[in-house]
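Residue-level structural notes
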Amino acid sequence: EVRLVESGGGLVQAGGSLRLSCTASGFTFDDYAVGWVRQAPGKERETVSCITTTDGSIYYRDSVKRRFTISADYAKNTVYLYMDSLKYEDTAVYYCTTLPTYWVAAGCLGVSHWGQGTQVTVSS
């Protein structure tokens, strides 16, 4: 059974930082890439970033480039999202997801499994 558990969300002022963690079970990073999708109130879900350890491919949406950094600890089956210089518009529930390893470069397409999400709130 695939399971994704997020942690690290919270309340932070604009300009601050947070680190999100996603611990995966039921699969290895050889099987799936792992990504982050967020959903703000009243808005559609949007891809934030994803990573696969199979070839080192990483994707970031344009709005988070230079501010967010994704990394993976293969041994721990954990993916991190380091979020710096947070903006009010980053406020959302952040979900950890799986996707095919070969679709990372295409923009994290093919999201399948979802975690329960962790709330990130950025005050302005």
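Throughout what follows, the structure given in this document is the object of discussion.

How each quantity is defined
- Residues numbered from 1 in each chain as written.
- Predicted model: local features only at pLDDT ≥ 70, side-chain atom pairs only at ≥ 80, totals over all residues.
- Heavy atoms only, no water.
- 1 Å grid on protein atoms, 1.4 Å probe; cavity = no way out; pocket = protein on both sides within 12 Å on 5 of 7 lines; lining within 4 Å.
- Points joined across faces, edges and corners; volume = space filled by probe spheres on them.
- Helix = DSSP H or I, 4+ residues; strand = E, 2+ residues; numbered from the N terminus.
- Contact = heavy atoms within 4.5 Å.
- Disulfide = S-S within 2.5 Å.
- Buried < 20%, exposed > 50% of the residue type's maximum accessible area, 1.4 Å probe, protein only.
- Salt bridge = Lys/Arg side-chain N within 4 Å of Asp/Glu carboxyl O.
- Core = buried A, V, L, I, M, F, W, Y, C linked by side-chain atoms within 4.5 Å.
- Polar contact = N/O pair within 3.5 Å; in protein donor to acceptor, adjacent residues only side chain to side chain.

**A look at empty space enclosed by the protein**
Evaluation of the coordinates by the stated rule reveals one cavity of 30 Å³ or more. A volume near 30 Å³ is recorded for the largest cavity. Lining the largest cavity are Phe29, Tyr32, Ala33, Val34, Ile51, Thr52, Thr53, Ala72 and Val79.

**Describing the environment of Ser21**
In this structure, Ser21 sits in strand 3 (residues 18-25). Between the C-alpha atoms of Ser21 and Pro41, which are 20 residues apart in sequence, the distance is 22 Å. If near-sequence neighbours (up to four positions away) are discounted, Ser21 is found in contact with Val5, Glu6, Ser7, Trp36, Thr78, Val79 and Tyr80.

**Regarding the state of the cysteines**
The final tally for this structure, using the stated rule, is two disulfides. Between Cys50 and Cys108 runs a disulfide, and the two sulfur atoms are separated by 2.0 Å. Where Cys50 bonds to Cys108 through sulfur, the torsion about that S-S bond is close to -95°, and the disulfide is left-handed. Placement of Cys50 in strand 5 (residues 46-51) and of Cys108 in the loop between strand 9 (92-99) and strand 10 (118-123) is noted, with a sequence separation of 58 residues between them. Across the pair, Cys108 and Cys50 agree in class, each one buried.

**Some remarks on the pattern of salt bridges**
One pass over the structure, following the stated rule, counts five salt bridges. Asp90 is paired through a salt bridge with Arg38; the nearest N and O atoms lie 2.9 Å apart. Taken together, the residues span a long stretch of sequence, with Asp90 in the loop between strand 8 (78-83) and strand 9 and Arg38 in strand 4 (residues 33-39) at a distance of 52 residues. Put simply, Lys65 and Asp62 hold a salt bridge, and the shortest N to O gap is 3.1 Å. For Asp62, a relative accessible area of 62% translates into the label exposed. Salt bridges linked by common partners bring Arg38, Glu46, Arg61, Arg67 and Asp90 together as one network.

**Let's talk about the nonpolar core**
Residues Trp36, Phe68, Leu81, Met83 and Tyr94 are the most contacted members of the largest nonpolar core, which totals 26 residues. Only strand 3, strand 4, strand 5, strand 7 (68-73), strand 8, strand 9 and strand 10 provide two or more residues apiece to this core. With four residues, the single largest contributor to this core is strand 3. Core analysis: the second largest hydrophobic core is formed by five residues, Cys50, Leu99, Val104 and Cys108 among them.

**Comments concerning the side chain of Thr98**
Relative to the assigned elements, Thr98 resides in strand 9. Owing to a relative accessible area of 0%, Thr98 belongs among the buried residues under this scheme. Within polar-contact distance, the side chain of Thr98 engages the side chain of Ser112 at 2.6 Å. Side chain to side chain, Thr98 and His113 meet in a polar contact 2.9 Å long. Those residues in contact with Thr98 that sit more than four places away from it in its chain are Val2, Leu4, Phe27, Tyr32, Ala33, Gly110, Val111, Ser112 and His113.

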